[in-house]
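Summary of the model geometry
In case you want the letters, here they are:
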Amino acid sequence: MNFRRKPVLKAAALMLGAGLMSNVFAADAGNDAQTLAKIRDAAMQSNYAYERLEDMTDLIGPRLSGSPGAAAAVQQVAEAMRKLGAKVTLQPVKVPHWVRGEEKAELVDYTGRPNGVTQRVVLTALGGSGATPAEGLLAPVLVLQDLDELKARAAEVKGKIVVFNVAFDQGMADGGLAGPAYGRGSRVRSQGPRMAAELGAVAALVRSVGGADYRLPHTGATNLTDANRIPAGAVSAEDAMLMARLSKRGPVKMKLVLTPKILPDADSFNVIADLPGTEKPEEVVIVSGHLDSWDLATGAHDDATGVTSSMAVIETLNKLKLKPRRTIRVIAWMNEENGLRGGTAYHAEYKDKLGTQVAAIESDGGVNGRTFGFIGSVRPEAEKLLAPLQAALAPIGAGNFMRRDSAAGADIRALEVGGVPGFQPQVDNSKYFDYHHTPADTFDKVDPQNLKIHVAAMTSLAWFLANMDQPIGRAPEQAPR
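These remarks concern the structure in this document.

Some words on the overall build of the chain
- Assigned secondary structure in the chain consists of 13 helices and 16 strands.
- Rg of the C-alpha trace for the chain: 25 Å, near the compact-globule value of 23 Å for 481 residues, within the 12% margin.
- Along the first, second and third principal axes, the C-alpha atoms of the chain reach 95 × 45 × 40 Å.
- The buried share among the 481 residues of the chain stands at 57%.
- Surface summary for the chain: the accessible area is close to 19200 Å², and the carbon and sulfur share equals 54%.
- Averaging the locations of the 54 positively and 53 negatively charged side chains of the chain gives two centres separated by 1 Å.

Thoughts on helix α4 (residues 48-60)
- In a regular helix each residue adds 1.5 Å, so 13 residues correspond to 18 Å; α4 covers 17 Å between its end C-alpha atoms and thus fits that length.
- For α4, the full list of buried residues reads Tyr 48, Ala 49, Arg 52, Leu 53, Met 56, Thr 57 and Ile 60. Viewed end-on, α4 has its buried residues packed into an arc of 150 degrees, placing them on one side of the element.
- Here the buried face of α4 lies against α5 (68-83), α9 (300-319) and α13 (448-466).
- Gly 61 sits one or two positions beyond α4 and adopts a positive phi of about 90 degrees.

Regarding the side chain of Arg 329
- Its place among the elements puts Arg 329 in strand β12 (residues 326-333).
- Look at Arg 329 and you get buried, because its relative accessible area is 9%.
- In terms of polar contacts, Arg 329 uses its side chain to reach the side chain of Asp 274, at 2.7 Å.
- Those residues in contact with Arg 329 that sit more than four places away from it in its chain are Ile 272, Ala 273, Asp 274, Val 284, Val 285, Ile 286, Val 287, Tyr 346, Tyr 350 and Gln 357.

A short note on the layout of surface pockets
- Quantified by volume, the largest pocket comes out at close to 1500 Å³.
- Forming the walls of the largest pocket are 47 residues, and the residues nearest its centre are Gly 179, Tyr 182, Asp 364, Gln 424 and Phe 433.
- Residue composition of the lining of the largest pocket, grouped by class: 17 nonpolar, 20 polar and 10 charged.
- For the second largest pocket, the calculated volume is near 200 Å³.

As for the sheet that holds strand β16 (residues 422-427)
- One open sheet accounts for 8 strands, arranged β1-β10-β12-β11-β13-β16-β14-β15; its pairing is mixed. Of all strands in the sheet, those with a lone pairing partner are β1 (87-99) and β15 (400-403), marking the two edges. The average angle at which neighbouring strand axes cross in this sheet is 25 degrees, direction not considered.
- In this structure, strand β10 (residues 261-275) lies alongside β12, joined through 5 bridges in antiparallel fashion. Bridging across to β12, Ala 273 finds its partner in Val 330.
- Along the sheet face, α9 touches β10, β11 (280-290) and β12 and points at about 145 degrees away from the line of β11.

About the criteria used
- Residues numbered from 1 in each chain as written.
- Predicted model: local features only at pLDDT ≥ 70, side-chain atom pairs only at ≥ 80, totals over all residues.
- Heavy atoms only, no water.
- Helix = DSSP H or I, 4+ residues; strand = E, 2+ residues; numbered from the N terminus.
- Rg over C-alpha atoms; globule rule 2.2 N^0.38 Å.
- Buried < 20%, exposed > 50% of the residue type's maximum accessible area, 1.4 Å probe, protein only.
- Areas by Shrake-Rupley, 256 points an atom, 1.4 Å probe, with all protein chains shown as cover.
- Lys, Arg positive; Asp, Glu negative; His and termini not counted.
- Charge placed at Lys NZ, Arg CZ, Asp CG, Glu CD.
- Expected span 1.5 Å × (residues − 1).
- Arc of directions from axis to C-beta.
- Contact = heavy atoms within 4.5 Å.
- Polar contact = N/O pair within 3.5 Å; in protein donor to acceptor, adjacent residues only side chain to side chain.
- 1 Å grid on protein atoms, 1.4 Å probe; cavity = no way out; pocket = protein on both sides within 12 Å on 5 of 7 lines; lining within 4 Å.
- Points joined across faces, edges and corners; volume = space filled by probe spheres on them.
- Nonpolar A, V, L, I, M, F, W, Y, C, P; charged D, E, K, R; others polar.
- Pairing = 2+ DSSP bridges.
- Axes fitted to C-alpha atoms, helices over the stretch in contact; angles between N-to-C directions.

The following block contains the structure:
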């Protein structure tokens with residue numbers, strides 16, 4: 001623990017009363033248990049993040065990079081941070097500008113189909129998708145179970161609409177965790193369309209990567225390029241399973257219409273808001289979330305909660321008149337979803353002075369479940385240094401800490417590779433992918449109490465890292481991904 005109050009000031013405070021005592025405490029507080037408890041409790045009593053979340057989701061809505069919503073969100077967050085007295089910088093970023101157009105599909109021919117019957121397929125375009133002709137395309141469907149089957153049946157792909165029917169299997173082999181299931185599905189979503197295009201497919205569809213089978217399409221990014229940009233979309237789990245069953249009966253044909261456009265890169269910004277350090281202002285602790293969202297909903301969990309929780313760090317400390325030793329830097333990243341341009345731009349500016357970046361926190365897992373603590377890429381010998389923080393967060397059930405060699409979210413991954421310890425909240429994500437990237441990711445899905453716990457944990461961690469007598473140390477060496 002770091003008891004840093006000077007005896008002479010403490011004595012003066014005792015003589016002059018509780019009011020002066022609070023001012024002295026605020027000016028010279030550190031990582032003692034009393035300060036950490038005050039931060040925790042103040043965050044638990046505040047609705048600031050929830051109010052800012054409502055502003056962002058209800059007043060602006062979707063915030064896909066390059067859109068008017070993304071531009072409005074930059075200004076909204078910057079203005080809110082200025083009102084808190086933070087030093088605000090808008091870091092320029094060129095971002096992709098992809099817009100979805102018409103999207104519809106129907107099964108028009110299959111074995112056993114009654115005369116005149118067609119079946120609508122619920123789908124949405126994937127980021128980076130190419131376009132069909134305006135009138136659509138008609139082609140046979142080839143249903144595959146994974147990328148290995150694509151390779152094994154490569155000779156059958158040309159001229160087909162390839163459908164990857166990969167289930168979101170949140171099974172006991174992974175301890176019931178959603179993350180591994182999402183990892184398997186998102187790998188197919190990102191790589192499958194490109195691989196299918198290279199084999200001559202006219203379009204590629206993936207089964208939605210999510211846990212709620214309510215005929216919801218889950219969008220997301222692909223790694224298609226101009227050299228292989230075919231129409232690509234995500235179909236609901238129910239429709240993927242239907243096509244798999246029908247394909248067992250015989251050939252299936254689909255009429256597909258997807259008309260997205262890729263426009264020239266747009267001008268945008270990372271929003272950077274600094275609460276300057278009092279002793280080592282050149283040393284920075286980042287606390288962050290990404291400002292952009294997909295366009296099917298309002299991106300409440302992904303990732304307005306991450307941004308507004310980070311904003312609330314400064315609000316909480318301001319309310320307590322607490323000034324950190326090192327600078328606490330709130331960053332609202334732009335373009336995490338379909339390009340990582342914001343994180344790339346920040347790393348490019350600081351790559352030759354990463355020693356000034358003490359730690360980086362990114363919240364990008366929503367608050368659909370409770371926050372239990374943190375995951376951090378610190379070296380084994382540094383883990384014990386976090387014990388006072390864990391003790392302070394234990395009363396709200398957020399005192400857990402899990403050490404990993406790599407723990408950084410997407411926007412701060414390059415910083416972590418360069419030696420900056422990365423942190424992310426440890427959140428129960430068992431239901432997160434029910435809403436993630438779907439039309440259901442809206443304000444009403446966010447539990448205000450879960451958000452308060454999240455803010456308390458984020459604020460406490462940011463303060464603790466900014467006030468350690470020595471920095472937490474550098475991140476472990478990163479294995480290639």
